[in-house]
Every structure is written in structure tokens, then in C-alpha cells.
Amino acid sequence: MINYEPFWNTIKKSGVSTYSLINRHHISSATIQKLRHNKPINTTTINDLCRILNCSIQDIATYIPSEEDQPL
């Protein structure tokens, strides 16, 4: 499972608000909701967040093995 807890820590440290992400950087409110609930987002969005927050992918998401992962 992809977990976006690092994202919330990163924006807290950066001082960037979700309001700013939505209104200044045009990240959709639906994307913010997906981040809140650890739902899938695309790599283009992860790239945009890394650019906006001047951070690396690890500062946005982590992988946590889960029984809820789809079978391979």
C-alpha cells in the first residue's frame, strides 16, 4: 500500500498549505482528498508535488506491505 503520511509532514515543514496547492498551484481538491485517504494518484501529480515542495519522492510517499494489496 502506498502511504502519503510523508506528504503531510513535508507540507507542514514547508509552510505550504493545501489551499495554496489548490489555488496557486492548481492541484485539484480531489487529489488532496486522495492523498488524505491514501488512494492512488498518478506519477505526474507526484512529480508536480516534488517540484512545488522542492523535495524527493520519499518526502511524498512510502510503500508499506499490506494484506489489502492486490494479488500478483
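Fair warning: this is a prediction, and the values are worked out from it, not measured in the lab.

Conventions we followed
- Residues numbered from 1 in each chain as written.
- Predicted model: local features only at pLDDT ≥ 70, side-chain atom pairs only at ≥ 80, totals over all residues.
- Heavy atoms only, no water.
- Phe/Tyr/Trp six-rings, centres within 6.5 Å; stacked < 30°, edge-to-face > 60°.
- Helix = DSSP H or I, 4+ residues; strand = E, 2+ residues; numbered from the N terminus.
- Buried < 20%, exposed > 50% of the residue type's maximum accessible area, 1.4 Å probe, protein only.
- Core = buried A, V, L, I, M, F, W, Y, C linked by side-chain atoms within 4.5 Å.

Caption draft 1: A look at the packing of aromatic side chains. Scanning all chains against the criterion turns up one aromatic pair. Their ring planes at 75° and their centres at 4.8 Å tell us that F7 and W8 sit as a pair that is edge-to-face.

Caption draft 2: Seen up close, the environment of Q70. As for its placement among the helices and strands, Q70 is situated in the segment after β2 (62–63). Overall, the relative accessible area of 66% leaves Q70 in the exposed class. In this structure, the C-alpha to C-alpha distance between Q70 and T44, residues 26 residues apart in sequence, is 23 Å.

Caption draft 3: Broad picture of unusual backbone geometry. The residue H26 is not glycine, and still its phi comes out positive at about 60°. Along the chain, H26 falls in the loop between α2 (18–23) and α3 (29–36). Even without being glycine, N54 reaches a positive phi, approximately 50°.

Caption draft 4: Expanded view of the nonpolar core. With 15 residues, the main nonpolar core has Y4, F7, L21, L35, L49 and I60 as its most contacted residues. Elements that contribute at least two residues to this core include exactly α1 (5–14), α3 and α4 (43–53). Element by element, the count of residues in this core is highest for α4, at four residues.

Spatial relationships are all this shows, so hold off on functional conclusions.
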